[in-house]
Amino acid sequence: HAITPVAQQYSRMLKLRIEEQPLTKSTLQQLVEFIKTLGDVESAVEDLRLRLSKRVSLDSAFKALDTKEKGYVDVSEIQKLLANYGLFPEQRSLETLRNRIDLNEDGVVSS
């Protein structure tokens, strides 16, 4: 099984690139490491979500993350939370995570 982008445009681009110029060993290794890291971060976030859902409401959990009471959580606050659990993802991974949970696409996670 292959992992392909959801957007057809990018899926086609990737398919054409593979047919015309296969990924180098270094690029493939970097891609594999990125996917592993992304999986680790998503797994940790899901684990945290499950633990929080058992303890407090989502609103209470958001308020706990929003330490500055701004009404939103930015990447630095997500980074601090993950660090408390011994996870230190790269900035790129944090931004990917934020983009997945930023429902209104304003660059932050809002309640």
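Residues numbered from 1 in each chain as written. Predicted model: local features only at pLDDT ≥ 70, side-chain atom pairs only at ≥ 80, totals over all residues. Heavy atoms only, no water.

**Q** Got a minute to help me understand helix H5 (residues 91–101) in this structure?
**A** The periodicity of an α-helix, 3.6 residues per turn, causes residues three or four places apart in sequence to face the same way. Every buried residue belonging to H5 is among Ser93, Leu94, Leu97 and Arg98, and all of these are buried. The buried residues of H5 occupy one face: seen down the axis, they fall within an arc of 140°. Across from the buried face of H5, at angles greater than 90 degrees, the exposed residues are Arg92 and Arg100. (Buried < 20%, exposed > 50% of the residue type's maximum accessible area, 1.4 Å probe, protein only. Helix = DSSP H or I, 4+ residues; strand = E, 2+ residues; numbered from the N terminus. Arc of directions from axis to C-beta.)

**Q** What am I meant to see in a nonpolar patch on the surface here?
**A** On the surface, Ile3, Leu28, Leu31, Val32 and Ile35 cluster together into a nonpolar patch covering about 430 Å² of accessible area. As for its placement among the helices and strands, Ile3 is situated in the segment before helix H1 (8–20). (Patch = residues over 30% accessible without salt bridge, like charges linked within 9 Å, V, L, I, M, F, W, Y side chains within 5 Å. Areas by Shrake-Rupley, 256 points an atom, 1.4 Å probe, with all protein chains shown as cover. Salt bridge = Lys/Arg side-chain N within 4 Å of Asp/Glu carboxyl O.)

**Q** I would appreciate a short explanation of the side chain of Glu77 in the present structure.
**A** Checked against the element boundaries, Glu77 lands in helix H4 (residues 75–84). What makes Glu77 buried here is its relative accessible area of 4%. Of the polar contacts made by the side chain of Glu77, one reaches the backbone nitrogen of Asp74; its length is 2.9 Å. Each residue touching Glu77, except ones within four places of it in the same chain, is listed here: Leu65, Asp66, Thr67, Lys68, Lys70 and Tyr72. (Polar contact = N/O pair within 3.5 Å; in protein donor to acceptor, adjacent residues only side chain to side chain. Contact = heavy atoms within 4.5 Å.)

**Q** Would you mind showing me how to read the pattern of salt bridges here?
**A** Side chains carrying opposite charge are able to pair once their charged atoms draw close together. Per the stated rule, a full pass over the model turns up 5 salt bridges. In this structure, Arg49 and Glu46 form a salt bridge, with 2.7 Å as the shortest nitrogen-oxygen distance. Pair noted here: Arg49 and Glu46 are both in helix H2 (residues 25–55), with a separation of 3 residues, about one helical turn. The exposure class assigned to Arg49 is partly exposed, which follows from its relative accessible area of 41%. Here Asp74 and Lys70 are joined by a salt bridge, their closest N and O atoms 3.3 Å apart. Lys70 sits in the partly exposed class, given a relative accessible area of 29%. Residues joined in a network through salt bridges with shared partners are Lys70, Asp74 and Glu77.

**Q** Can you walk me through unusual backbone geometry in this structure?
**A** Residues apart from glycine generally show negative phi values, whereas peptide bonds are mostly found in trans. Although it is not a glycine, Glu69 adopts a positive phi angle of roughly 50°. By the element assignment, Glu69 lies in the loop between helix H3 (58–65) and strand S1 (72–73).

**Q** It is not clear to me how the environment of Asp66 should be interpreted in this structure. Could you clarify?
**A** As for its position among the elements, Asp66 is in the loop between H3 and S1. Expressed as a C-alpha distance, the spacing of Asp66 and Gly107, which sit 41 residues apart in the sequence, is 15 Å. Among residues more than four places away in sequence, those in contact with Asp66 are Gly71, Tyr72, Val73 and Glu77. Reaching out from Asp66, the side chain makes a polar contact with the backbone nitrogen of Gly71 at a distance of 2.7 Å.

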